[in-house]
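# Structure assessment
Okay, here's what each chain looks like letter by letter:
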Amino acid sequence: MSDVLLTGQDASARPAVRTPDATARRGLLAGRQGRRVREALLAYLFLLPAFLVVGLFGLFPLLFAAFMSTHRGLNRIPGTFDGLGNYILAIGDLTYFLGFWGGVVLVVLALQAIRRGAAAAREKSSPFWRWAAPGIAFGVMIVAWLGWVIRLLPLLLDIPNQMRGALNTPENFRRLLGEALATPETTQLLWLTLAAFIVGVVSAWIVMRNRHHRTHYANYAGSFTLATILFGVAALIGWLTWTEVQSNAAASLASGGGLDIGSQMILISAGFLLLWLSWRLWQSASRRDSMVSVILRLGGAAMLIIGAWVLVAEAPRIIAQGDAKWWNALLATFYYALGTIPPQLIVALVLAVLLFQEIRGRSFFRVIYFLPYIAPFVGTAAVFKIIFSSRPTAPINSILSFFGLPSQAWINEPAGILNLLTPGVQLPAWSAGPSLALIVIMIYGVWSFFGFNTVIFLAGLGNIPKEMYEAAAIDGAGRWPQFRYITLPLLSPTLYFLTLYSVIGTFKAFNHIYVLRTGAALGTTDTASVVIFQTFQRDTRYGYASALAILLLLVIILLTIVNNRVAAERVHYG
């Protein structure tokens, strides 16, 4: 009554005060959480063009290459479905080993994604498993959409073959396109994609609608989506591998032979397991204080390596079943990487330290050293081809003749460098080292890329505070201790970046290698990228070229992972 007298109005006429629960249930886009949802939607809306560009020009070519790698045919896109036949043709029975363990790795990564999401949710006291339904639904949607694309692609690519001559009309094209879109398999996958999308949206809305205002809600659907996609890819790889194993077993039984895929897989897997254990022992030896413990661990690591070598000795016999040209290309690629990455990084680091000093003409020298990188690779490679020609009057042979040394074939020499240095001992091709022709290409690679690395090293040196050198000088440290304990640790992020960039670049290098290669080198300069190009362009074996490209991608990914693990404890930020 006193309230009515004081305010002049009935209390019942006042606007109702909303409780926190009512505010939380008012709408999906209301309140603080709603503002976050709106901001996230706006951010994704702005990122949508970038997603489309990356998906169209980055992800789709990769998926199409993976699709083409399962088809075989000469001068045909996509050709006839052959499963993992192209991979077996390239690397032999090693395909089954990679298929099995690749599927296992994907399953482990899927479980790790869920585990990390659950750990993050526990730290924030946020619900996690409620997001399982929308996350799995969105994952099924993506997998079903990829299946729809894969099923639709052969039908679309076959339309030009059905529109020749008088059938090349717009009406016939529309009819064939409609038939391709209306096939039972494509329509089922399309409906599954739409249904999974609707289920994901509805379940996500239900989770957000029933949230409690006192509970921190973060979106963990991405963990389940990623895990679902990884499980789907692992199931696909497992199905392809199992299909090939059954086909191989049937062929072996029909011919009266045996099937040793299982024993090969067990032996090679055990060998790599021993290698991993030896690596762990080797790492743990550096953290021991007792010299006896260090010696015992290093000895155990050496014994494990010997045992692993005995078990992995089965691998050469399997490798021999594959394409010798492809294995030689991988060997040439590894030689090229080992012969270019360390020299160009060392030379670049030395030049960067020298050019970082207060010397006259510093800017001029920086430009001069950077010129080989910005010069056209095709033109400079052609000049190198003239300099290192096999003619006696070629520039480099003229210099050798001036000093009384015999002329060399250089760019046309297929013999390994160890066989050239030891004429009385002829080593096998795989152990004779890179050919002299490939060494010429290595020299060109170091010459053309050390300037780029020098500029990046200079940028890294500029980020090191000068006060640290001044403090070290006051403490009596000389130039070498300063370089070892200040420059190298603080330059490790730059060194890590350049190492990773160089590894990826050398395995994808093509332009200058293709220009410098000659037929007289007998293929010893053909790296993996050159072999893939020849298989695609000259032989028109599109499916096999795609399989080789996927294998090269797997090698690059593996080397990147190894590089990250090695650099994890050696890169210092701060």
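Refer to the structure printed above.
A short tour of the structure in this document, coming up. The structure displayed is predicted, hence computed values, not measured ones.

## With respect to the pattern of salt bridges
A side chain of one charge can pair with a side chain of the opposite charge if their charged atoms are brought near each other. The final tally for this structure, using the stated rule, is six salt bridges. Between Asp82 and Arg72 there is a salt bridge, with its nearest N and O atoms 3.1 Å apart. Of this pair, Asp82 sits in the loop between β2 (80-81) and α4 (85-91) while Arg72 sits in strand β1 (residues 71-72), and the two are ten residues apart along the sequence. Classification of Asp82 by relative accessible area gives partly exposed; the value is 26%. A salt bridge links Glu171 to Arg174; the nearest nitrogen and oxygen atoms lie 3.9 Å apart. Residue Glu171 and its partner Arg174 are located together in helix α7 (residues 170-181), separated by three residues, close to a single helical turn. Judged by its relative accessible area of 52%, Glu171 is exposed.

## With respect to the layout of surface pockets
Here the second largest pocket defines a volume of roughly 550 Å³. Taken together, 14 residues line the second largest pocket, and the ones lying closest to its centre are Phe356, Gln357, Tyr469, Arg479 and Gln482. If you list the elements that add at least two residues to the lining of the second largest pocket, you get α18 (436-462), α19 (466-474) and α20 (479-508). Broken down by element, the residue count for the lining of the second largest pocket peaks at four residues, all from α20. Looking at the lining of the second largest pocket, its residues break down into six nonpolar, four polar and four charged.

## Observations concerning the packing of aromatic side chains
Applying the stated criterion across every chain, the model contains 28 aromatic pairs. Summarising the aromatic geometry, the rings of Phe384 and Phe388 are spaced 5.7 Å apart at their centres and angled 25° between planes, so their arrangement reads as stacked. Exposure remark for Phe384: the relative accessible area of 11% places this residue in the buried category. Look at Phe388 and you get buried, because its relative accessible area is 8%.

## Considering a nonpolar patch on the surface
A contiguous nonpolar surface patch, about 890 Å² in accessible area, is contributed by Leu42, Tyr44, Leu45, Phe46, Leu47, Leu48, Phe51 and Leu52. Take Leu45: it is sitting in helix α3 (residues 31-68). Judged by relative accessible area, Leu45 falls into the exposed class, the value being 55%.

## Focus: the packing of α18 against α20
Where α18 meets α20, the axes come as close as 9 Å, and the angle between the chain directions of the two elements is 150°. Our classification of the angle between α18 and α20 gives roughly antiparallel. Note on packing geometry: the crossing formed by α18 with α20 is right-handed. Touching Phe452, Asn453, Ile456, Phe457, Gly460 and Leu461 of α18 are Thr487, Leu491, Thr494, Leu495, Phe497, Leu498, Tyr501 and Ser502, all from α20.

## A short note on the nonpolar core
Judged by nonpolar contacts, the single largest core of 42 residues is most densely connected at Ala90, Trp326, Phe457, Phe507, Leu548, Leu551 and Leu552. Among the elements of the structure, α4, α5 (94-123), α13 (324-355), α18, α20, α22 (528-537) and α23 (542-567) are those that each provide at least two residues to this core. Formed by 20 residues, the second largest nonpolar core is a distinct cluster that contains Tyr336, Phe384, Leu400 and Val530.

## Comments concerning the packing of α20 against α23
Running from N to C, α20 and α23 point in directions that differ by 165°, and their axes come no closer than 10 Å. On the basis of the axis angle, α20 is roughly antiparallel to α23. For α20 against α23, the interelement crossing comes out right-handed. Within the contact between the two elements, α20 uses Tyr496, Thr499, Leu500, Val503, Ile504, Phe507 and Lys508 and α23 uses Leu552, Val555, Ile556, Leu559, Thr560, Asn563, Asn564 and Ala567. A breakdown of the residues in the contact of α20 with α23 according to their chemical character gives ten nonpolar, four polar and one charged.

Thresholds, definitions, all that
Residues numbered from 1 in each chain as written. Predicted model: local features only at pLDDT ≥ 70, side-chain atom pairs only at ≥ 80, totals over all residues. Heavy atoms only, no water. Salt bridge = Lys/Arg side-chain N within 4 Å of Asp/Glu carboxyl O. Helix = DSSP H or I, 4+ residues; strand = E, 2+ residues; numbered from the N terminus. Buried < 20%, exposed > 50% of the residue type's maximum accessible area, 1.4 Å probe, protein only. 1 Å grid on protein atoms, 1.4 Å probe; cavity = no way out; pocket = protein on both sides within 12 Å on 5 of 7 lines; lining within 4 Å. Points joined across faces, edges and corners; volume = space filled by probe spheres on them. Nonpolar A, V, L, I, M, F, W, Y, C, P; charged D, E, K, R; others polar. Phe/Tyr/Trp six-rings, centres within 6.5 Å; stacked < 30°, edge-to-face > 60°. Patch = residues over 30% accessible without salt bridge, like charges linked within 9 Å, V, L, I, M, F, W, Y side chains within 5 Å. Areas by Shrake-Rupley, 256 points an atom, 1.4 Å probe, with all protein chains shown as cover. Axes fitted to C-alpha atoms, helices over the stretch in contact; angles between N-to-C directions. Parallel < 35°, antiparallel > 145°, perpendicular 65-115°, else oblique. Left-handed = near helix turned anticlockwise from the far one by under 90°. Contact = heavy atoms within 4.5 Å. Core = buried A, V, L, I, M, F, W, Y, C linked by side-chain atoms within 4.5 Å.

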